[in-house]
Amino acid sequence: MKITVEQDKCVAAGQCAATAPDVFDQREEDGVVVLLTDDPPAELADDVRDAAAVCPALAIHIAHWTPRTTP
Ligand code: SF4
């Protein structure tokens with residue numbers, strides 16, 4: 001899994017940090033997304049996918065991720 005974020009698109013909504021706190025954080029001064037790791041372990045893949053889906057700015061991009069395997 002390879003994650004990228006577009007900080008210039010981020011509107012500091014914070015859903016990503018709430019959904020996948022091991023992967024996303026927010027800058028203290030303005031709330032803009034901070035990527036903690038661009039290659040998280042597989043067990044966090046679903047959280048990262050969900051975070052990208054809820055981001056209102058579509059600022060989170062995922063490459064090389066495998067589809068959800070749990071029902
Ligand atoms: S959910 Fe999207 S807009 Fe909100 S802080 Fe995360 S990257 Fe930024």
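Residues numbered from 1 in each chain as written. Predicted model: local features only at pLDDT ≥ 70, side-chain atom pairs only at ≥ 80, totals over all residues. Heavy atoms only, no water.

## Comments concerning the overall build of the chain
Counting secondary structure elements, the chain contains two helices and four strands. Written out in order from the N terminus, the α and β elements of the chain read β-α-β-β-α-β. Taking 2.2 N^0.38 as the reference for a compact globule, 71 residues should give roughly 11 Å; the C-alpha atoms of the chain span a radius of gyration of 11 Å, in line with that estimate. Projected onto the principal axes, the alpha-carbon positions of the chain cover approximately 35 × 20 × 20 Å. The buried share of the chain, reckoned over its 71 residues, is 30%. Summarising the internal contacts of the chain: among those between residues at least 6 apart in sequence, 54% fall at separations of at least 24. With the model as given, the accessible surface of the chain reaches about 4400 Å², and the carbon-plus-sulfur share is 52%. (Helix = DSSP H or I, 4+ residues; strand = E, 2+ residues; numbered from the N terminus. Rg over C-alpha atoms; globule rule 2.2 N^0.38 Å. Buried < 20%, exposed > 50% of the residue type's maximum accessible area, 1.4 Å probe, protein only. Contact = heavy atoms within 4.5 Å. Areas by Shrake-Rupley, 256 points an atom, 1.4 Å probe, with all protein chains shown as cover.)

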